[in-house]
Amino acid sequence: MLKRFTSPVFAILVAALLPACSVLPGTGPTSDAVQGNATAGLRSTTALPYALIDVSADTIGFLSQPNLITFQGEFPDKRPKPQQVAGVGDVLNVSIFEAAPGGLFTPATAAGARPGNFVDLPPQAVDQKGSIYVPYAGEIPAAARTLPEIQQAIVARLRNRAIEPQVVVSLNQQHSSVVSVLGDVNTPGVLALNSVGERLLALIARAGGPKFEAVESYVTLQRDGKKVRVLLSRVVHDPNENIFIRPNDVIFITREAPTFTALGALNQNVFGFNSEIAFDVETLTLAQAIGKAGGLNDNQSDPAEVFVYRYEDRRFVEKFGVDTKRFVYDRIPTIYHLNFRDPSGMLLAAGFQMHTKDVMYVANAKVVDYYKLLGLINNTANAVNNTATAVTGVNTAEKLRW
C-alpha cells in the first residue's frame, strides 16, 4: 500500500527535476551547451578599458558641437583649377592659319580654290605618350598642357616653314577631365567636367539627383587616395561644403539614415518599440533622443544614471584632460554620464549632440532589483504552494481509492 501511495508523488518530483534544456521551452541551445560542445575557442576575462566622462558645465562646451567631418576641412583648396588642361584620351581640334596663300597649308592661289588661308586638321586624340601629331610640326606634347600652351608649341615648330602661322586649338571630346558619380543616384555614370569648374551638387544634379532624402543620404568623395564622408543635407545647407570637383574625383551616394540605439528604462522599450531610432534630422541632441524613445520610464528608471556610449578619437578625449596613455588604439571607448536629478541636467542634455551609432542607456533604479527579488520569491512560493496542493490532492485521491 505504501508503494502505491508514493508512486504518484515520486512521478511529480521526477518530472520537476528533469533537466531544463529538455523540458522547458526555449529559442536555441543553452549557454552550457554552447560552451561544452566547442571544439576550440578563446576565453577571456579581461574587461574592455573605457573612459568615463561626466557631462557638466566644464565639458558641455566640447560636446555641444556636432563634431561633423566636413569637406571644407578635409579638402581646404575649394577652388577649381585655373585653366583647363588636356589629358590622355582627349580629342582636340587644330586649325592652322597662314598670313598669305601659297604656304604649307593653303593653295598658291586662294581664289576659286577655297576660302580662307587656313586648314582644319582631322581631330587629334592625345595618345598614351601624351602627344598629338601635326604635319610638318611632328609630335607635339599635349598632356598636362593648357590649350594656349599647345597652340604656342605648334606655332614654334611651324614658324620657319609656314607663312606667319597662327594656330587655334579647341577641345572636341573630353575623356580625361571626368568624374564618376555612383551609388544611389538616378542616373549614375561618368561625367565630363566643363572648363569653368563644377561644384559637388551640380555633378549630383547632372547624375539625376539622389534617390532618397538628403537627411538619409551620405556623400563619399574620393580624391587622391583620400575618402571623406559627409551627410548630403550638410552639403545642401552649408554652401562652404559645396566644394569644386576635380578631374578623376569619385562621388558615391549611399543611403544610410543616422540612427542611435535606445536601451534600458525607457518608455519605448516598455511599449515594445524598436530600440534603433532614426535621427530624421541633420543634428540631434540627447534631450531630443530621449523624447524619441518615449522618455524615461517613471516606474523603473534612475534619472541620475543616464549614459551615452560611443567611440571617440584620442585627440578629442584628451581635450577633457583624460590620460589616454593606457589605451592602445586611437578610437577610445567612451561613456558619457548625465544626472537628470540635477536641475541643470535637462539643459545639458539639450546641448549634448548625439552621433550616429550612439547607444543611449538609462539604468534601473536600485529599488527595481529589490522588487525583482520580491517577485522571484513570491513566484517561488506560489510554485511551492501549488506543488504542495497537487501532492495533497494526489494523496487524498489515493486514500479515497483505498
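Residues numbered from 1 in each chain as written. Predicted model: local features only at pLDDT ≥ 70, side-chain atom pairs only at ≥ 80, totals over all residues. Heavy atoms only, no water.

Trainee: So what exactly am I meant to see when it comes to unusual backbone geometry here?
Mentor: Trans is the common state for peptide bonds, and a negative phi is the common state for residues other than glycine. Despite not being glycine, aspartate 224 shows a phi value in the positive range, around 55°. Within the secondary structure, aspartate 224 sits in the loop between strand S10 (217-223) and strand S11 (226-231). Backbone geometry places lysine 357, a non-glycine residue, at a positive phi of 75°. Along the chain, lysine 357 falls in the loop between helix H12 (345-351) and strand S17 (359-364). Residue lysine 357 is classed as partly exposed on the basis of its relative accessible area, which comes to 49%. (Helix = DSSP H or I, 4+ residues; strand = E, 2+ residues; numbered from the N terminus. Buried < 20%, exposed > 50% of the residue type's maximum accessible area, 1.4 Å probe, protein only.)

Trainee: Where do I start with the packing of aromatic side chains in this structure?
Mentor: Note on aromatic pairs: each is described by the distance of the centres and the angle between the planes. Counted under the stated rule, the structure contains 8 aromatic pairs. Ring centres of phenylalanine 105 and tyrosine 136 lie 5.8 Å apart, and the angle between their planes is 80°; on these two criteria the pair is classed as edge-to-face. Placement of the pair is phenylalanine 105 in the loop between strand S2 (91-97) and strand S3 (118-120) and tyrosine 136 in the loop between strand S5 (131-134) and strand S6 (138-141), with a sequence separation of 31 residues. For phenylalanine 105, a relative accessible area of 11% puts it in the buried group. On the accessibility criterion, tyrosine 136 (43% relative accessible area) is partly exposed. Between phenylalanine 307 and tyrosine 361, the ring centres sit 6.5 Å apart and the planes meet at 25°, which makes this aromatic pair stacked. One end of the pair, phenylalanine 307, is in strand S15 (residues 301-313); the other, tyrosine 361, is in strand S17, with 54 residues separating them in the sequence. Judged by relative accessible area, phenylalanine 307 falls into the buried class, the value being 15%. You can call tyrosine 361 partly exposed: its relative accessible area is 30%. Aromatic rings pair up to connect Phe62, Phe316, Phe320, Tyr336 and Phe352 into one cluster. If you follow arginine 199 out to its NZ or CZ, it ends over the ring of phenylalanine 244, 4.1 Å from the centre. (Phe/Tyr/Trp six-rings, centres within 6.5 Å; stacked < 30°, edge-to-face > 60°. Lys NZ or Arg CZ within 6 Å of the ring centre and 35° of its normal.)

Trainee: Whenever I open this one, the environment of serine 217 confuses me. Can you help?
Mentor: Topologically, serine 217 is positioned in strand S10. Under the relative-accessibility criterion, serine 217 is labelled buried at 0%. C-alpha separation for the pair serine 217 and leucine 231, spaced 14 residues apart in sequence, amounts to 6.1 Å. For serine 217, the residues in contact, after removing those within four places along its chain, are Phe212, Val230, Leu231, Leu232, Ile253, Thr254 and Arg255. (Contact = heavy atoms within 4.5 Å.)

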